[in-house]
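Close look at the chain arrangement
Listed here are the chains, written in short residue letters.
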Amino acid sequence: MSSRLSPGAGFDRGLPAVIFALLASYLLVHTLLPRLSSLLTRAGMVRPNFRGEKVPVPLGLVFLLVFPVVYGIMPLLLMDKPAGDSAGAPPGLNLPHLFPLLFFVTSMGFLGFCDDLLKDDEHKGIRGHFGELRKGRLTSGGIKALFGLAFSILFATGIPAPGGDIQGGAVSPVDSMGSAGFSGASILGATGIVGSFGSFSAVGTVFLLVLRALVAALSANTLNLFDLRPGRAVKAYLFLIFLPVLFLRGGRVDLRYLYLMLPAVAGVFAYMPYDLRAQGMLGDTGANYLGALLGGLVVLFGDPVFTGGALLLLVFLHICAEKFSFTRVIAENRLLKFLDELGRD
């Protein structure tokens, strides 16, 4: 399947904003990171890494600070008329899409920060935290799980259904994501699953809401499963964020997906050397934020089949994490071990 950018005025007008966002994201993260590392160290927010060395955590706080600023400026650069003029709406990125996404990822990053501050290592894993909740005891992971699910539901209800459009800030049931998004329909469309959601009955709407909320909630925790060695979580993020390109619809990359994906990738590349050299830890703050951004993009741009496939992958990863050691699996596989150690000191 070939991939190409859909040409047109939207791309021509959006390219300067994307270039700005790439540069701003990289430079802001690169500039802020050493100062944030020093601040965390002075504040006593350090934790032993896998070597037993005390390093600042959470350095992932840099994403929580930088990305909302970059994403908030992008739509302004995409407007060719003053704010408030409907004719000046961004060609490739609608504010009604952007603000629910920013709400969701920032909220999940905040929950991760709470977990980093109130860290309770006695109970690990989803089962452990929910087990404590059933006993009436609240853990830092329990806070993250409960409110993470709540924020995920709010996010899922605040965005249009696939095939819904946003006109004048209102959601209408006619394709919100445009025709160039990524889709599972190319693989499973013949089964009729996609068509079954065409009218979005009450049952279908509830099903889609649950599907999206679960994908959003589980994705926010996914990078935590890999954040056990320097650089592993961010490498997993870079792999997963590019994975949807394999499911292009009509061989085209949705520009809105690129608008939102590329600045985050640039910021992660600026952060990566610190993580690979074990000079700091991403923390739940950064892992939650990046994971939520990944899940948010899937929810925004994926049709029901693609989103369902993403949910199966996320459930599979979480079940494997409960039963197996990813570190051991990686150590026993040559290719995975090479990729895991690539760039690490």
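Residues numbered from 1 in each chain as written. Predicted model: local features only at pLDDT ≥ 70, side-chain atom pairs only at ≥ 80, totals over all residues. Heavy atoms only, no water.

So, about the overall build of the chain. When helices and strands are tallied, the chain shows 13 helices and six strands. Across the 345 residues in the chain, those meeting the buried criterion constitute 50%. Relative to all contacts within the chain whose residues are 6 or more apart in sequence, the contacts with residues 24 or more apart total 79%. Total accessible area on the chain is roughly 16100 Å²; 67% of this is exposed by carbon and sulfur atoms. (Helix = DSSP H or I, 4+ residues; strand = E, 2+ residues; numbered from the N terminus. Buried < 20%, exposed > 50% of the residue type's maximum accessible area, 1.4 Å probe, protein only. Contact = heavy atoms within 4.5 Å. Areas by Shrake-Rupley, 256 points an atom, 1.4 Å probe, with all protein chains shown as cover.)

Bringing the environment of Phe 226 into the picture now. Checked against the element boundaries, Phe 226 lands in the loop between α7 (202-222) and α8 (232-242). Look at Phe 226 and you get buried, because its relative accessible area is 16%. Sequence-wise, Phe 226 and Ser 325 are 99 residues apart; in three dimensions their C-alpha atoms are separated by 10.0 Å.

Let's shift gears to the packing of α7 against helix α10 (residues 283-301). Interhelical geometry of α7 versus α10 gives an angle of 155° and a closest axis separation of 7 Å. With respect to their mutual orientation, α7 and α10 come out roughly antiparallel. When you trace α7 past α10, the crossing you get is right-handed. For the pair α7 and α10, the contacting residues are Arg 212, Val 215, Ala 216, Ser 219 and Ala 220 in the first and Ala 287, Asn 288, Gly 291, Ala 292, Gly 295, Val 298 and Val 299 in the second. Along the lines of polarity and charge, the residues of the contact of α7 with α10 split into seven nonpolar, four polar and one charged. (Axes fitted to C-alpha atoms, helices over the stretch in contact; angles between N-to-C directions. Parallel < 35°, antiparallel > 145°, perpendicular 65-115°, else oblique. Left-handed = near helix turned anticlockwise from the far one by under 90°. Nonpolar A, V, L, I, M, F, W, Y, C, P; charged D, E, K, R; others polar.)

The next thing to look at is the confidence of the model for the chain. When pLDDT is averaged along the chain, the result is 76; 71% of the residues meet or exceed 70. Here strand β5 (residues 170-172) is the element of the chain with the lowest mean pLDDT, 34, and α10 is the one with the highest, 91. Low confidence marks residues 80-92, where pLDDT is under 50. Its contacts with residues over four positions away, or in another chain, come to 15 contacts. The low-confidence segment residues 163-199 (pLDDT under 50) makes 76 contacts with residues lying over four places distant or belonging to another chain. (pLDDT = per-residue confidence, 0-100.)

The next thing to look at is the pattern of salt bridges. Tallied over the entire structure, the rule returns four salt bridges. Two residues, Lys 144 and Asp 284, come together in a salt bridge whose shortest N-O distance is 2.8 Å. Within this pair, whereas Lys 144 is found in helix α5 (residues 140-157), its partner Asp 284 is found in helix α10, the two being separated by 140 residues in sequence. With relative accessibility at 13%, the residue Lys 144 sits in the buried group. Residue Asp 340 is joined to Arg 232 by a salt bridge in which the shortest nitrogen-to-oxygen separation is 2.9 Å. Pair noted here: Asp 340 is in helix α13 (residues 334-341) and Arg 232 is in helix α8, with a separation of 108 residues, a long-range link. The same class applies to Asp 340 as to Arg 232, namely buried. Salt bridges sharing partners connect three or more residues here, namely Asp 115, Lys 144 and Asp 284. (Salt bridge = Lys/Arg side-chain N within 4 Å of Asp/Glu carboxyl O.)

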